[in-house]
Amino acid sequence: MIVCSAVFTACSTTNIGPEVRASSANASSGVARPYQVVYDFKNVPDAATPFDGLTEVDGAFYGTAYSGGSEVGAVFTVAPDGAESVLYDFKRGADGAKPFGGLTAVNGLLYGTTQEGGTKSDGTVFSITTSGTETVLHSFSGGQDGEYPRSDLTSIGRLLYGTTFLGGSSQNGTVFEIGATQPEKILHRFRGGSDGAHPYSSLTAVNGLLFGTTSEGGGAGNYGTIFEITMSGQESVFYRFKGGADGAQPIAALTRVGNKLYGTTRLGGARGVGTVFTITTSGVKTVLYSFQGSPDGAKPLSKLAVVGGELFGTTSAGGTNGYGTVYKIDENGAEVVLHRFNEAHGRGPIGRLVYAKGQLYGTTAWGGGNPRKNGPICCGVVYKVTP
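A few points about the pattern of salt bridges
Using the criterion set out here, one finds five salt bridges in the structure. The partner of R352 in a salt bridge is D52, with the nearest N and O atoms 3.5 Å apart. Placement of the pair is R352 in the loop between β28 (335-340) and β29 (354-356) and D52 in the loop between β3 (47-48) and β4 (55-57), with a sequence separation of 300 residues. Judged by relative accessible area, which is 12%, D52 ranks as buried. The closest approach of N and O atoms between E116 and R92, which form a salt bridge, is 3.6 Å. On the criterion of sequence distance, the pair formed by E116 in the loop between β10 (109-114) and β11 (124-129) and R92 in the loop between β8 (84-89) and β9 (104-106) is long-range, its members being 24 residues apart. The class of E116 is buried, set by a relative accessible area of 12%.

Structure, rendered in structure tokens:
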């Protein structure tokens, strides 16, 4: 098994687009925006260590936590005023364990994945009501059908689409389709090498196609890819990262704005600590910004959010304390830091941001004011920051 800490610590191949460099932008010192901890997780039996962001349904937020509950993760809900409760406590049995990705709301139900648990202990796809009734839609077998899903699900019509980090024909991951009443169907099994390997991210729909990233593969250097896939399963590599100034190891999903897709790489760039990039649907890629570590941030892992024509995201590290930042960036690559995290108020923001009630809401995987019994401050927070 390849564990998540490896990242958080430290088909056809047509249509490969050229690389274009945008003019370099200096790291902004940023303007601090109002920041508030909405909820401070307390660990067992509370939820703890949320790796992804929040989903809003009828004014309340819902999310998943990788640990907490009975120690193998939970689904939680939190109100904008900070009232929190554990909605479902995973048991590590057939119901799943250790949810890595967030939740997707469809017609009053929430859908998600667990990285472990299920009948074969290789992960599940599940649905859950807002009152806490969980149903497993699929248990991965660790073979051809995939293993260890780490992505959110993408809803298109009555079907859901996602990726698995492992499994498939060569343990390089898969793209799958599933419905509430339709069994899981594999659309593509990654082969590694030039085809890509180990997708973390969810998929982004554009004009009948699905776009995603793989964290590895793509050729020499194994720096990851951007791929496209049809609903019938025809996959092609859209871009292969080179590991230098263009970036390396894309973890996050892509964000569509018009005819462009925006994303981040965990590594690479001018300082080797990550980039923000854009790529057109015809395959022309541009690096908008290269992170410097301090004071602007490093190692972005989250999908970008669009608010009022501007892009907002988080870095999991860097900033003045080394614990990450919230930033915004425009289409010309001008970056502004909105907040720099510290231990007491949360560190390691990994999940996507969600915009609600004039604020950006997010989670940190660690930090906060509640210590473990025999260890450092843990468990993460829900926070909001003014955009």
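So, the state of the cysteines
Applying the stated criterion across every chain, the model contains one disulfide. The residue that forms a disulfide with C378 is C379, at a sulfur-sulfur distance of 1.8 Å. One disulfide, between C378 and C379, carries an S-S torsion of -40° and so falls in the left-handed class. There is no split in this pair, since C378 and C379 are both buried.

A look at the packing of aromatic side chains
Counted according to the given criterion, the structure contains 21 aromatic pairs. For the pair F51 and F100, a centre-to-centre distance of 5.1 Å together with 50° between the ring planes defines the contact as tilted. A residue pair is termed long-range when its members are at least 10 positions apart, and F51 in the loop between β3 and β4 and F100 in the loop between β8 and β9 qualify at 49 residues. F51 gets classed as buried once you look at its relative accessible area, which sits at 4%. Given the relative accessible area of 6%, F100 is considered buried. Considering the side-chain rings of F211 and F238, the 5.3 Å spacing of their centres and the 75° angle between planes classify their relative orientation as edge-to-face. A residue pair is termed long-range when its members are at least 10 positions apart, and F211 in strand β18 (residues 209-214) and F238 in strand β20 (residues 235-240) qualify at 27 residues. F238 shares its class with F211; the two are buried. Ring pairing ties together the aromatic residues F51, Y66, F100, F165, Y200 and W366, which thus form one cluster. Cation over ring: K91 sits above Y88, and NZ or CZ is 4.9 Å from the ring centre.

With respect to unusual backbone geometry
Cis rather than trans, the peptide bond between V44 and P45 has omega equal to 5°. With respect to the helices and strands, the residue P45 is situated in the loop between β2 (35-40) and β3. Here the phi dihedral of E71 falls at roughly 85°; this positive angle occurs in a residue that is not glycine. Looking at the secondary structure, you find E71 in the loop between β6 (67-68) and β7 (74-78). Judged by relative accessible area, E71 falls into the exposed class, the value being 54%. Non-glycine residue N222 carries a positive phi angle of around 65°.

Quick look at the sheet that holds strand β30 (residues 359-364)
The four strands lie next to each other as β2-β31-β30-β29, forming an open sheet whose pairing is antiparallel. Looking along the sheet, the strands with just one partner apiece sit at the ends: β2 and β29. Within the sheet, the average angular offset between the axes of one strand and its neighbour, ignoring direction, is 30°. Across three bridges, β29 lies against β30 in antiparallel orientation. Within β30, the residue paired with V354 across the bridge is Y361.

Here we look at the environment of S151
Within the element layout of this structure, S151 appears in the loop between β12 (134-139) and β13 (154-156). Given a relative accessible area of 2%, S151 falls into the buried group. S151 sits 99 residues away from D52 along the chain, and the two C-alpha atoms are 9.2 Å apart. Excluding residues that lie within four positions of it along the chain, S151 makes contacts with G101, T113, G162, T163, Y200, S201 and S202.

Remarks on the confidence of the model for the protein chain
For the protein chain, per-residue confidence averages 90 on the pLDDT scale, and residues scoring 70 or more make up 90% of the total. Below a pLDDT of 50 lies the segment residues 1-6, which in the model reaches 14 contacts outside its immediate sequence neighbourhood of four places, other chains included. Taken together, the stretch residues 9-27 has pLDDT below 50 and engages in 55 contacts with residues farther than four places along the chain or on a different chain.

A closer look at the side chain of T364
Residue placement: T364 occurs in strand β30. Assessed through its relative accessible area of 0%, T364 is described here as buried. Of the polar contacts made by the side chain of T364, one reaches the backbone oxygen of W366; its length is 2.9 Å. Non-local contacts of T364, meaning those with residues more than four positions away in its chain, are made with P50, F341, G346, R347, G348, P349, G380, V381 and Y383.

The rules behind each value
- Residues numbered from 1 in each chain as written.
- Predicted model: local features only at pLDDT ≥ 70, side-chain atom pairs only at ≥ 80, totals over all residues.
- Heavy atoms only, no water.
- Salt bridge = Lys/Arg side-chain N within 4 Å of Asp/Glu carboxyl O.
- Helix = DSSP H or I, 4+ residues; strand = E, 2+ residues; numbered from the N terminus.
- Buried < 20%, exposed > 50% of the residue type's maximum accessible area, 1.4 Å probe, protein only.
- Disulfide = S-S within 2.5 Å.
- Phe/Tyr/Trp six-rings, centres within 6.5 Å; stacked < 30°, edge-to-face > 60°.
- Lys NZ or Arg CZ within 6 Å of the ring centre and 35° of its normal.
- Pairing = 2+ DSSP bridges.
- Axes fitted to C-alpha atoms, helices over the stretch in contact; angles between N-to-C directions.
- Contact = heavy atoms within 4.5 Å.
- pLDDT = per-residue confidence, 0-100.
- Polar contact = N/O pair within 3.5 Å; in protein donor to acceptor, adjacent residues only side chain to side chain.

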